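Below, each chain spelled out in residue letters.
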Amino acid sequence: MDLFNLTAHELTAKIKNKEVTSKEVTENVFKRIEAVEPKVKAYVTLLKDKALAQAAEVDAKIAAGKEAGLLAGIPIAIKDNMNIKGTKCTCSSKILNNFISPYNATIIDLLSAEGAVFTGKTNMDEFAMGSSTETSFFGKTFNPWNLQAIPGGSSGGSAATMAADEAIMALGSDTGGSIRQPASCCGIVGLKPTYGRVSRFGLVAFASSLDQIGPLTKDVTDAALLMNVIAKYDPKDSTSANILAPDYLKSLQNNVKGMKIGIPKEYFVEGMDKEVEKSVREAIKLLEKLGAQIIEISLPNTEYCLAVYYILAPSEASANLARYDGVKYGYRTPDANDLLEQYEKTRGEGFGPEVKRRIMLGTYALSSGYYDAYYLKAQKVRTMIKNDFEEAFKKVDVIITPTAPSAAFKIGEKMDDPMQMYLSDIFTISVNLAGIPAMSLPCGFTSQKMPIGLQVMAKHFNEEAIFRAAYTYEQNTNWHKEKPRL
Amino acid sequence: MKFEAVIGLEVHAQLKTKSKIFCGCSTQFGAEPNTQICPVCTGMPGVLPVLNKVAIEYIIKTSLALDCKVNPLSRFARKQYFYPDLPKNYQISQYDQPVSEHGYLDVQVDGKTKRLGITRIHLEEDAGKLLHEVGSRQIDGSYVDLNRTGVPLMEIVSEPDMRTPQEAHAYLIALKSILEYLDVSDCNMEEGSLRCDANVSIRPVGQKEFGTKAEVKNMNSFKGVQKALEYEIARQIKVTEEGERIVQETRLWDADKEMTFSMRSKEEAHDYRYFPEPDLVPVVVDEKWLAAIKATLPELSSQKKERFVKEYSLPEYDAGVLTADKNLSEYFEATIKGYANPKAASNWIMTELLAQLNAANKTIKESLITPKHMREMLELIDKGTISGKIAKTVFEEMFASGKMPDVVVKEKGLVQISDEGAIAKIIEEVLAANAKSVEEYKAGKTAALNFLLGQVMKKTQGKANPGVVNKILKDKLS
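Description of the structure in this document.

Digging into the pairing of strand 6 (residues 212-217) of chain A
All names here are of chain A.
Here's step 1: Of all six residues that make up strand 6, six are buried, and the element is covered over most of its length.
Here's step 2: One ladder, built from five bridges, connects strand 4 (residues 169-174) with strand 6; its direction is antiparallel. Across the sheet, residue Ser173 finds its bridge partner in strand 6, namely Ile213.
Here's step 3: As paired strands, strand 5 (residues 189-192) and strand 6 are joined by two bridges and run antiparallel to one another. Each residue of the ladder has a partner; that of Val189, found in strand 6, is Thr217.

Written as structure tokens, this is what we have:
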């Protein structure tokens, strides 16, 4: 019997009832990985030995009748920008190619405490900068629905493991759409929690005020299950919220009666992909039919989101990535004659073109004489964008939009045109700027059988509203049950 | 043309918190390189800072003692520059929203009180240390020690209110005293827990506008600061008088050559690209917290000085010297605990002890003569067991060996001879041996008495009670 194509909530029951062992699940997942990984290339590091050891531990606990945790024996794929002690953490960059982490990210400790098994580290855009996983130093990841298409990014590897059943659950990070856009591209569920809901300690920083870790899963229930483990206050992260998280599984109600759903007109514009628009409109209609109230709303500052994001995120990144200098760890140029040359060559050789582009953008925006016109102005507009959402959520419980303007595009299609690439995140960026939570879940396919994603947003710390709307939609559709043929 | 100097000082003081500013590593000085480090202070990918609350309390204490206004909300900022001793290649510091602003410090110069403004006090993390291996290999090596990285550092920026190097020196002495009293910093310039940079310019007397300033760095003692300023002021006057322009630049003080040298000009100055630190939330100080910290403020030197005058009837001068250094004031109070003559203790501490410590280049904390030594010695003098003169011998031995005074007296046989019979016998011997002097005295040459007295003391190795000797000698000669 195949186990790899099951969800975590199905498997945890089977493992606890001793129908299957964690070892069997883990071995089965690795069998799947060995079969499809040559085509998909979702992972940069596989942790088979460690995973089997973790599985054995869980099995021993269960055999002894001990409590084995909420995720006992569940194989989880981790994006390669989260630190697991003693394993490589590369961020898919040459500059960290040889870096072995000396510590655990908080979420790794939380997952371990609940019995999770780590399958490996997944491929990503270098330092999470990109929307296609094409900027990885280790090569591309391929979309399981069409191996000529991108899996989305930057958490493209994690999203691909879900579509290809190369793990049971996965974690990604989202700075401007990096969980939701690949989830949309790969036809799976991806949640970016409220900023501060999940600890960032141990997540390699791209843009500190925007980054957030979240689940990529095969259905909505698994996303709630994973959130129950990782949504915890962490004293090691000063931006972590000291607010007790609810039991998200309890918000999985198949009922949207009376729920107010906002449809922002700025997200449905002339010239958008017809198939995407049709699927999203149909999803909204279905929710209306199920009892939700549909309200047209306006988020007037939407047009500035992309510009604000591409000033603030690179500004923070330019400082966050300054530490990769070849002095302490990571790649160091073999031929430098002095300190300045060591810095220049190490960074020149160690970073890829997209990372360099953003470091330069950010350095420029923070330079004396430009700070007020760029960084400071962008911060002010960010506040206006936040206010737009606050106003909107006075009227509605959730906001629904497409996750991405199109389904997954062809590999190589946008690599030479950064502006076109940046537009892939046009519908997801505002959520990070506002700090609110949002989920992407499958809502249909294009005529080419490529998945389309529905984005559901809610106000700060109201992931429960998202779960309720998403769960209801999922229970009344079958998109999430479809699997690519590999 | 007459010139005056305009001086402002930037003082960096390491806060003596147990752990670093953003992680739990120890701040202990002198450990083996890279033994007090962790992923956070070494800037590993993915780590986050968590602010040490004690560091904020220390800086608020200092702010209150310097009459600064504590901002209800202050913020950290990233100061960006590349250097191998700075693992993240940015320093978490403060920029436009420091912890406190607008304070002052009163100092005494030439008997006059001068009020010197404090612009701001802010908190930041210290950098590591580079160790260079030069000449011993084909390719010279440089090594990085990150033990110091992340030690909390308080920067106190003064207004450009000082006009002479003496004022700058007085400011530093007064500031150090306050930090020591508050027990927030070790203030040890040699270990680098206190550092000082100076901004200095000159202008013709009477001119209001400031001249072009130079920033002078690398001074490693208070005297060094004064000397560097003296040199730099003279240099700027000379340059100006020769008709040339002062350039805005950073200059390094060379303590051996006693000169300042240009390090970099303004054109090469850094653009630090400050921006608010997104990994930390703003520091909010409410009235309640402020009041709680205020309640823990200890007695400061000026208050203690007043108390010493009142409580111990000491002269202003003595009280000033004894309270300038917190450790010295505590030494004094420990000495006179249960001892009735504070002025005698003050005299011994201010003259003998401070002189000896100075000569030996030791601090009061390192003194082998403890308050107990000092008190027992004073009691031996009061009881007449030893004379004041003998006490100096006892003092020297205590200073060198740390032996208790009664032990020294016993070992060296220094007990004062006050027995009249014994002294009379020695005097008779001396008079018999110095008939000529006796005659001279009787002929009216009073100086001969001192000679005879000296002979008696010499014979008793200084142990004879001088009062008794004087009395008997006069009796015998009359």
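Overview of the interface of chain A and chain B
How big an interface is tends to be expressed through the accessible area that disappears when the partners come together.
Here's step 1: Of the residues lining the interface, 40 residues belong to chain A; the matching set on chain B comes to 30 residues.
Here's step 2: Interface of chain A and chain B: buried area, both sides summed, is about 2700 Å²; carbon and sulfur atoms make up 62% of it.
Here's step 3: Between the two partners, chain A and chain B, sit one salt bridge.
Here's step 4: Of the charged contacts, one joins Asp279(B) and Arg200(A) as a salt bridge, the two residues approaching to 3.1 Å between their closest N and O atoms.
Here's step 5: Viewed at the interface, chain B and chain A are joined by 18 residue pairs in polar contact (both at pLDDT 80 or more).
Here's step 6: Listed by contribution, the elements that provide at least two residues to the side of chain A that touches chain B are helix 9 (305-320), helix 10 (339-350) and helix 11 (353-366) of chain A.
Here's step 7: Residue classes in the side of chain A that touches chain B are distributed as 20 nonpolar, twelve polar and eight charged.

Considering the sheet that holds strand 3 (residues 117-122) of chain A
All names here are of chain A.
Here's step 1: The sheet built from eleven strands is open, its strands ordered 1-3-2-4-6-5-10-11-9-7-8 with mixed pairing. With one partner strand each, in any of the chains shown, strand 1 (43-46) and strand 8 (293-297) form the two edges of the open sheet. Put simply, the sheet's adjacent strands are angled 30 degrees from each other on average, direction ignored.
Here's step 2: In terms of strand pairing, strand 2 (residues 75-79) meets strand 4 through three bridges, oriented parallel. Across the sheet, the residue bridging to Ile76 is Met169, located in strand 4.
Here's step 3: The strands touched by helix 8 (residues 274-289) within the sheet are strand 7 (260-264), strand 8, strand 9 (398-402), strand 10 (438-445) and strand 11 (451-458), with strand 11 carrying the most contacts at an inclination of about 50 degrees.

Points about the packing of helix 7 (residues 326-335) of chain B against helix 8 (residues 342-360) of chain B
Residues and elements named next belong to chain B.
Here's step 1: Where helix 7 meets helix 8, the closest approach of the two axes is 10 Å, and the angle between their N-to-C directions is 135 degrees. Relative to helix 8, the element helix 7 is oriented oblique. The hand of the helix 7/helix 8 crossing is right-handed. Along its contact with helix 7, which presents Leu328, Tyr331, Phe332 and Thr335, the element helix 8 presents Pro342, Ala345, Ser346, Ile349, Leu353 and Leu354.
Here's step 2: Split into classes, the residues belonging to the contact of helix 7 with helix 8 amount to eight nonpolar, two polar and no charged.

Things to note about empty space enclosed by the protein
Here's step 1: This model, assessed by the stated rule, comprises seven cavities of 30 Å³ or more.
Here's step 2: When its residues are assigned to classes, the lining of the largest cavity shows eleven nonpolar, two polar and six charged.

Some remarks on helix 11 (residues 405-412) of chain B
Residue and element names in this part refer to chain B.
Here's step 1: Along helix 11, the positions that sit buried rather than exposed are Pro405, Val408 and Val409. One face of helix 11 carries all of its buried residues, which in axial projection span an arc of 100 degrees. When the buried face of helix 11 is taken as reference, the exposed residues oriented beyond 90 degrees from it are Lys410 and Glu411.
Here's step 2: Gly413 lies just past helix 11 and shows a positive phi near 60 degrees.

Comments concerning helix 9 (residues 371-382) of chain B
One full turn of an α-helix is made of 3.6 residues, so residues set three or four places apart face in the same direction.
Residues and elements named next belong to chain B.
Here's step 1: When the terminal C-alpha atoms of helix 9 are compared, their 16 Å separation across twelve residues agrees well with the 16 Å that a helix rising 1.5 Å per residue should span.
Here's step 2: All of the buried residues in helix 9 are Pro371, His373, Met374, Arg375, Met377, Leu378 and Leu380.
Here's step 3: Against helix 7, helix 8, helix 10 (388-401) and helix 11 lie the buried residues of helix 9.
Here's step 4: Just beyond helix 9, the residue with positive phi is Gly384, at close to 85 degrees.

Quick word on the packing of aromatic side chains
Here's step 1: Summed over the entire model, instances satisfying the criterion amount to 30 aromatic pairs over all chains.
Here's step 2: Here Tyr312(B) and Phe332(B) contribute two aromatic rings whose centre-to-centre distance is 5.7 Å and whose plane-to-plane angle is 75 degrees, an arrangement assigned as edge-to-face. With Tyr312(B) in helix 5 (residues 301-312) and Phe332(B) in helix 7, the pair connects residues that are 20 residues apart, well separated along the chain. Considered together, Tyr312(B) and Phe332(B) belong to a single accessibility category, that of buried residues.
Here's step 3: Each residue in the set Phe99(A), Phe127(A), Tyr324(A), Tyr329(A) and Phe351(A) is aromatic and connected to the rest through ring pairs, giving one cluster.
Here's step 4: A cation over a ring is seen here: Arg281(A) above Phe268(A), with NZ or CZ 4.3 Å from the ring centre.
Here's step 5: Cation over ring: Lys53(B) sits above Trp289(B), and NZ or CZ is 5.1 Å from the ring centre.

A closer look at unusual backbone geometry
Here's step 1: A cis geometry characterises the amide bond from Gly153(A) onward to Ser154(A), with omega recorded as 10 degrees.
Here's step 2: Tracing the chain through its elements places Ser154(A) in the loop between strand 3 and helix 5 (156-163).

Let's talk about the sheet that holds strand 15 (residues 275-276) of chain B
Here's step 1: Pairing in this open sheet of three strands is antiparallel, and the strands run 5-4-15 (chain B) from one edge to the other. The strands lining the two open edges of the sheet, one partner per strand, are strand 5 (90-93) and strand 15 of chain B.
Here's step 2: Bridge count for strand 4 (residues 77-80) of chain B against strand 15 of chain B is two bridges, and the pairing is antiparallel. For Ala77(B), the partnering residue across the bridge sits in strand 15 of chain B and is Pro276(B).
Here's step 3: The sheet contacts of helix 9 of chain A involve strand 4, strand 5 and strand 15 of chain B, and relative to strand 4 of chain B the element is tilted by about 60 degrees.

Section: the nonpolar core
Here's step 1: In terms of nonpolar packing, the biggest core is built from 237 residues, with Leu71(A), Leu111(A), Phe127(A), Phe389(A), Phe467(A), Ile60(B) and Tyr171(B) touching the most fellow members.
Here's step 2: Discounting chain neighbours no more than four positions away, the residues touching Leu71(A) are Thr12(A), Ile76(A), Leu111(A), Glu114(A), Gly115(A), Ala116(A), Met169(A), Leu225(A), Leu226(A) and Val229(A).

Looking at the side chain of Glu180(B)
Here's step 1: Here Glu180(B) is to be found in helix 2 (residues 165-182).
Here's step 2: The residues touching Glu180(B), leaving out its near neighbours within four places in the chain, are Ser185(B), Asp186(B), Cys187(B), Asp325(B) and Lys326(B).

Here we look at the state of the cysteines
Here's step 1: One pass over the structure, following the stated rule, counts zero disulfides over all chains.
Here's step 2: Looking at Cys89(A), it has no disulfide partner, and the nearest cysteine sulfur is the one in Cys91(A), 4.9 Å off.
Here's step 3: The thiol of Cys23(B) is unpaired, and the distance to the nearest cysteine sulfur, on Cys38(B), comes to 3.8 Å.

Things to note about the packing of helix 1 (residues 53-65) of chain B against helix 4 (residues 287-295) of chain B
All names here are of chain B.
Here's step 1: As a packed pair, helix 1 and helix 4 sit with axes 10 Å apart at the nearest point and diverge in direction by 70 degrees. On the basis of the axis angle, helix 1 is roughly perpendicular to helix 4. Touching Lys53, Ile56, Glu57, Ile60, Lys61 and Leu64 of helix 1 are Trp289, Leu290, Ile293 and Lys294, all from helix 4.
Here's step 2: Tallied by class, the residues present in the contact of helix 1 with helix 4 amount to six nonpolar, no polar and four charged.

Concerning the pairing of strand 10 (residues 152-158) of chain B
All names here are of chain B.
Here's step 1: Counting buried positions along strand 10 gives seven out of seven residues, so the element sits mostly inside the fold.
Here's step 2: Bridge count between strand 1 (residues 3-14) and strand 10: five bridges; the pairing is antiparallel. Across the sheet, the residue bridging to Gln14 is Leu153, located in strand 10.
Here's step 3: Alignment of strand 7 (residues 112-125) against strand 10, held across seven bridges, turns out to be antiparallel. Within strand 10, the residue paired with Ile121 across the bridge is Ile156.

Conventions and cut-offs
- Residues numbered from 1 in each chain as written.
- Chains lettered and ligands numbered in written order.
- Predicted model: local features only at pLDDT ≥ 70, side-chain atom pairs only at ≥ 80, totals over all residues.
- Heavy atoms only, no water.
- Buried < 20%, exposed > 50% of the residue type's maximum accessible area, 1.4 Å probe, protein only.
- Helix = DSSP H or I, 4+ residues; strand = E, 2+ residues; numbered from the N terminus.
- Pairing = 2+ DSSP bridges.
- Contact = heavy atoms within 4.5 Å.
- Buried area = accessible area lost by both parts, 1.4 Å probe.
- Salt bridge = Lys/Arg side-chain N within 4 Å of Asp/Glu carboxyl O.
- Polar contact = N/O pair within 3.5 Å; in protein donor to acceptor, adjacent residues only side chain to side chain.
- Nonpolar A, V, L, I, M, F, W, Y, C, P; charged D, E, K, R; others polar.
- Axes fitted to C-alpha atoms, helices over the stretch in contact; angles between N-to-C directions.
- Parallel < 35°, antiparallel > 145°, perpendicular 65-115°, else oblique.
- Left-handed = near helix turned anticlockwise from the far one by under 90°.
- 1 Å grid on protein atoms, 1.4 Å probe; cavity = no way out; pocket = protein on both sides within 12 Å on 5 of 7 lines; lining within 4 Å.
- Points joined across faces, edges and corners; volume = space filled by probe spheres on them.
- Arc of directions from axis to C-beta.
- Expected span 1.5 Å × (residues − 1).
- Phe/Tyr/Trp six-rings, centres within 6.5 Å; stacked < 30°, edge-to-face > 60°.
- Lys NZ or Arg CZ within 6 Å of the ring centre and 35° of its normal.
- Core = buried A, V, L, I, M, F, W, Y, C linked by side-chain atoms within 4.5 Å.
- Disulfide = S-S within 2.5 Å.

Honestly, it's all geometry; don't read function into it.
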